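# Remarks on the overall topology
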Amino acid sequence: MVIEDMNERFQTLNQANQQISQALEMSYLEGLHETLQNIQLGSVQQIDGEPDDETSAQLEALYQTEDWSALSRDEMRQLIQLLILEGDRIDQLPPNYQMTPAAIALLIGHLASKVTGVNEPHSHGVLMDRPRHLVDLMFGMGNLWSIVCDELSKGGYLVTGEGVDNDDLMLAIGEQAMALEGLTPTLYLGDALQQLYVHPADVIVSDLPVGYYPLNDQSKHFLSDTHDLTKQHMSYAHFLLIEQAFHYLKPAGWGLYLVPSSLFQMTGFERLLKAIQQEGYLQAFLTLPSTLFRNESLQKAILIVQKKGDDAKQSEHVMLGNLPDLKDKRNMQQFIAQFDAWVEEFKA
């Protein structure tokens, strides 16, 4: 992929998106959904004469400058990432709505591919079928799920998937993005802390929202409920989601979550820990470099848990530590080697 080509594609679709957003009096991200849908369908969709014929003709001319179907999955994903980042800049999205950065998603994908290999069925030393069901309970626009799916596929796994989100615009953008990338997860609009109809997962990944869950009548059913402890008199949504995910993991399945780096210091963490220990094992907590975040309060870590069952077991050494700068190849290679050696302990 030539950088100049990607920049030209971005400028083309950015211009189209600006035009359709203005014509339909939408936010940038609402317009992005329309843009992606038009590309997916191959023509400008008009409803009740909107956008008008002149604008529609201008949009058609922009769309026809490129054979979008000829782009590779990675090229299409990177193009959509650039458009989402532009939408973040223009619409000023709050942190919980921002796209999971590609570098972090790639790392989570690599880690997921490694840990799920612990559950690998063998017959006389030969690997058997390798299906993996991948679920994201906070699907958003799908960048994390998409990248992890690709990393699992590169590892030789046959990936199916599902996603849940309670924001209809984010999920609609995600649906169009997945279609353009040639991916087919089943997506559900709804509250991930209610009863779900997703299939049991081998791996669940989520960039968890940091904040409070307002439905105390629902949160009281969770061990990690903290509404009686917090100043907001509501439970932490990310606590509840970590516990909820266990209900939808297969025995010995893995959860990899982006959480606040201050998770262990948060009010009521002992309740979350009790919930994790009842359902599974806390296996690793890897703090991401502060340089990846706008300010220290937004710093995150990767929490890795495993559900009880089958041959699942608590690791002899919970992996704790600070990850190196993701651009530092030498130190990252050392970390990956350490992580791979740690994973091998499970097979001993």
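Residues numbered from 1 in each chain as written. Predicted model: local features only at pLDDT ≥ 70, side-chain atom pairs only at ≥ 80, totals over all residues. Heavy atoms only, no water.

Here the focus is the overall build of the protein chain. When helices and strands are tallied, the protein chain shows 11 helices and 12 strands. Here the protein chain has a C-alpha radius of gyration of 21 Å; the compact-globule value for 348 residues is 20 Å, and the two agree. Expressed as a percentage of the 348 residues in the protein chain, the buried residues total 51%. Restricting the contact set of the protein chain to residue pairs at least 6 apart, pairs at least 24 apart contribute 74%. Accessible area of the protein chain: about 16,600 Å², with a carbon and sulfur share of 49%. (Helix = DSSP H or I, 4+ residues; strand = E, 2+ residues; numbered from the N terminus. Rg over C-alpha atoms; globule rule 2.2 N^0.38 Å. Buried < 20%, exposed > 50% of the residue type's maximum accessible area, 1.4 Å probe, protein only. Contact = heavy atoms within 4.5 Å. Areas by Shrake-Rupley, 256 points an atom, 1.4 Å probe, with all protein chains shown as cover.)

What follows covers the nonpolar core. Leu256, Phe335 and Phe339 are the most contacted members of the largest nonpolar core, which totals 67 residues. With sequence-adjacent residues up to four places away left out, Phe335 is seen in contact with Leu107, Leu111, Leu286, Met319, Leu323 and Pro324. If you look at the next biggest cluster of nonpolar residues, it comprises 35 residues, including Leu208, Leu240, Leu263 and Leu282. (Core = buried A, V, L, I, M, F, W, Y, C linked by side-chain atoms within 4.5 Å.)

Think of a sheet as strands paired side by side through backbone hydrogen bonds, with each pair either parallel or antiparallel. Here eight strands make up an open sheet; going across it, the order is β5-β4-β3-β6-β9-β11-β10-β12 and the pairing mixed. Where the open sheet ends on each side, the last strands, each with one partner, are β5 (186-189) and β12 (319-322). On average, adjacent strands in this sheet sit at an angle of 15 degrees to one another, irrespective of strand direction. The sheet contact formed by strand β10 (residues 280-287) and strand β11 (residues 300-307) spans seven bridges and is antiparallel. Paired with Thr287 across the two strands is Ala301, which belongs to β11. Along the sheet, helix α5 (residues 102-116) contacts β3 (131-136), β6 (201-207), β9 (249-260), β10 and β11; its crossing angle with β9, the most-contacted strand, is approximately 155 degrees. Sitting on the sheet, helix α9 (residues 237-246) touches β6, β9, β10 and β11, and the angle it makes with β9 is about 165 degrees. (Pairing = 2+ DSSP bridges. Axes fitted to C-alpha atoms, helices over the stretch in contact; angles between N-to-C directions.)

For helix α7 (residues 168-180), spanning 13 residues, the distance from its first C-alpha to its last is 18 Å, which sits close to the expected 18 Å at 1.5 Å a residue. Turning to α7, its buried residues number three or more, namely Met170, Leu171, Ala172, Ile173, Gly174, Gln176, Ala177, Met178 and Leu180. In this fold, the buried residues of α7 make contact with α2 (28-41), α4 (73-91), α6 (143-154), β4 (158-165) and β5. You can read the cap of α7 off the contacts: a side-chain oxygen lies 3.1 Å from the backbone nitrogen of Leu169, and it is on Asp167. Downstream of α7 by a residue or two, Gly182 has a phi angle that is positive, lying close to 75 degrees. (Expected span 1.5 Å × (residues − 1). Polar contact = N/O pair within 3.5 Å; in protein donor to acceptor, adjacent residues only side chain to side chain.)

Turning next to the packing of α4 against α6. In contact at an axis separation of 12 Å, α4 and α6 are set at 160 degrees when each is read in the N-to-C sense. Classified by the angle between their axes, α4 and α6 sit roughly antiparallel to one another. Considering only the axes of α4 and α6, their crossing is left-handed. Mapping the contact onto sequence places Arg73, Arg77 and Gln81 in α4 and Asn143, Ser146, Ile147 and Asp150 in α6. Counted by class, the contact of α4 with α6 contains one nonpolar, three polar and three charged residues. (Parallel < 35°, antiparallel > 145°, perpendicular 65-115°, else oblique. Left-handed = near helix turned anticlockwise from the far one by under 90°. Nonpolar A, V, L, I, M, F, W, Y, C, P; charged D, E, K, R; others polar.)

Per-residue pLDDT for the protein chain has a mean of 93; in total, 96% of the residues score no lower than 70. With pLDDT under 50 throughout, residues 122-128 is counted as low confidence; its partners more than four residues away or in other chains account for seven contacts. (pLDDT = per-residue confidence, 0-100.)

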